[in-house]
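Next come the chains, spelled out residue by residue.
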Amino acid sequence: MNTAAIWHDLDYAPVSTDEALWLELCQKYAPASDRERTVLDVGAGTGRISIPLAHAGFRVTGIDVDGELLIELARRAMRERTQGGVGVIRADAREWRVRTVFDLIVVPMNTIQMLGPGEQRARFLGHAHAMLATGGKLIVSIMDEDSTDLYDGETDPDAVGEPDRVKVDGVYYESYPIAVRKHPDRFELVRERVTCRSLDGDADSAQLHAVTLWRVSPIRLLRETAETGFRLLESRKAGATDEHAGSLIFAFARRGDPC
Ligand SMILES: C[S@@+](CC[C@H](N)C(=O)[O-])C[C@H]1O[C@@H](n2cnc3c(N)ncnc32)[C@H](O)[C@@H]1O
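Residues numbered from 1 in each chain as written. Predicted model: local features only at pLDDT ≥ 70, side-chain atom pairs only at ≥ 80, totals over all residues.

Enquirer: Could you clarify how one ought to interpret the sheet that holds strand 11 (residues 230–238) in this entry?
Expert: The strands making up a sheet associate through hydrogen bonds between their backbones, and the pairing can be parallel or antiparallel. The seven strands are arranged 3-2-1-4-5-12-11 in an open sheet whose pairing can be described as mixed. The sheet is open, and its two borders are formed by strand 3 (86–90) and strand 11, each paired with just one other strand. On average, each strand axis in the sheet is inclined to that of its neighbour by 20°, with strand direction left out of account. Contacts between helix 4 (residues 67–79) and the sheet are confined to strand 2 (59–64) and strand 3, with strand 3 contributing the most and set at about 170° to the helix. (Pairing = 2+ DSSP bridges. Helix = DSSP H or I, 4+ residues; strand = E, 2+ residues; numbered from the N terminus. Axes fitted to C-alpha atoms, helices over the stretch in contact; angles between N-to-C directions. Contact = placed C-beta atoms within 7 Å.)

Enquirer: How do you make sense of the environment of A54 when you look at a structure like this?
Expert: Tracing the backbone through its elements, the reader meets A54 in helix 3 (residues 50–55). Placed 132 residues apart in sequence, A54 and R186 show a C-alpha to C-alpha distance of 33 Å. Ignoring anything within four residues of it in the chain, the contact list for A54 reads V60, A77, T82, Q83, G84, G85 and V86.

Enquirer: Teacher, can you tell me more about the nonpolar core here?
Expert: Across soluble globular proteins, you tend to see nonpolar side chains buried next to one another. Counting residues in each nonpolar core, the largest one holds 53 residues, and the members touching the most others are C26, V39, L104, I105, V106, L138 and I139. Here this core gets six residues from one element, more than from any other, and that element is strand 5 (residues 132–143). With residues up to four places along the chain from it excluded, the contact list for C26 reads V39, L53, F58, L104 and V106. (Core = buried A, V, L, I, M, F, W, Y, C linked by C-beta atoms within 7 Å. Buried ≥ 20, exposed ≤ 12 C-beta atoms within 10 Å, placed from the backbone.)

Enquirer: What's the story with helix 7 (residues 218–228) in this structure? I'm lost.
Expert: Two residues of an α-helix separated by three or four positions point the same way, owing to the 3.6 residues in each turn. If you check which residues of helix 7 are buried, you get L221, T225 and T228. With its buried residues spanning 55° around the axis, helix 7 presents them on a single face. Those residues of helix 7 that are exposed and angled more than 90 degrees off the buried face are I219, R223 and E227. Buried residues in helix 7 make contact with helix 5 (118–130), strand 5, strand 11 and strand 12 (247–254). Once helix 7 finishes, G229 follows within two positions and takes phi at roughly 110°, a positive value. (Arc of directions from axis to C-beta.)

And the structure:
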């Protein structure tokens, strides 16, 4: 496994509470039939959602800006011989637009909040609208800020306990939460990534890794999607865990498409 995939899995793989919900919603909005069902997984990473969808028979296209993560996703899909199959595309989801259309476009794990503030998110929503097949659905998650008591500031080292840790080829990879910086329009989540060969010895490397999540409230998402031509079908909650904030998942159809 490449290093980017190891870090990605360390930070995101512990989230399992929403996996079943994504599968349920995808099955509901693109039920099995005698024709192939296609899904675009936006910000697919190493395939936390792509792989289960492919196992469920969907033909998945995973798009991500990070080519290393996609290499790992493609490797897993081959190794697991998924029923539906997975294709990968390295591209920025805000810029990428093709004539191919999909039955479903899914944006799990609050990835839409990584796409930038309003204007950039709107550009992505416009592309998504154009890339849906007639009757296709867009399913998007955002952080559930109301059910998540995110602190603001440096993490208390005494409260951290054991870091997220994995050992690969004799090297320990450890990820420590360092700070959450709350701004009016965004969160910055900062972690320190440390590698070492022995848990008692010195670190071989240590670097800060920051992720920015642009804040978007449910009302704002509904307004922006409505302005793009979507109508809300339903919203669901995926609960918070010790590791991760809860999220709200919204399913949309295009206004004017047959019900
Ligand atoms: C929070 S992770 C989600 C990974 C996976 N979907 C999951 O649910 O575990 C967000 C992913 O989005 C990707 N990403 C961020 N900005 C992107 C962009 N503009 N276009 C495509 N992918 C992007 C990141 O590289 C990362 O793999």
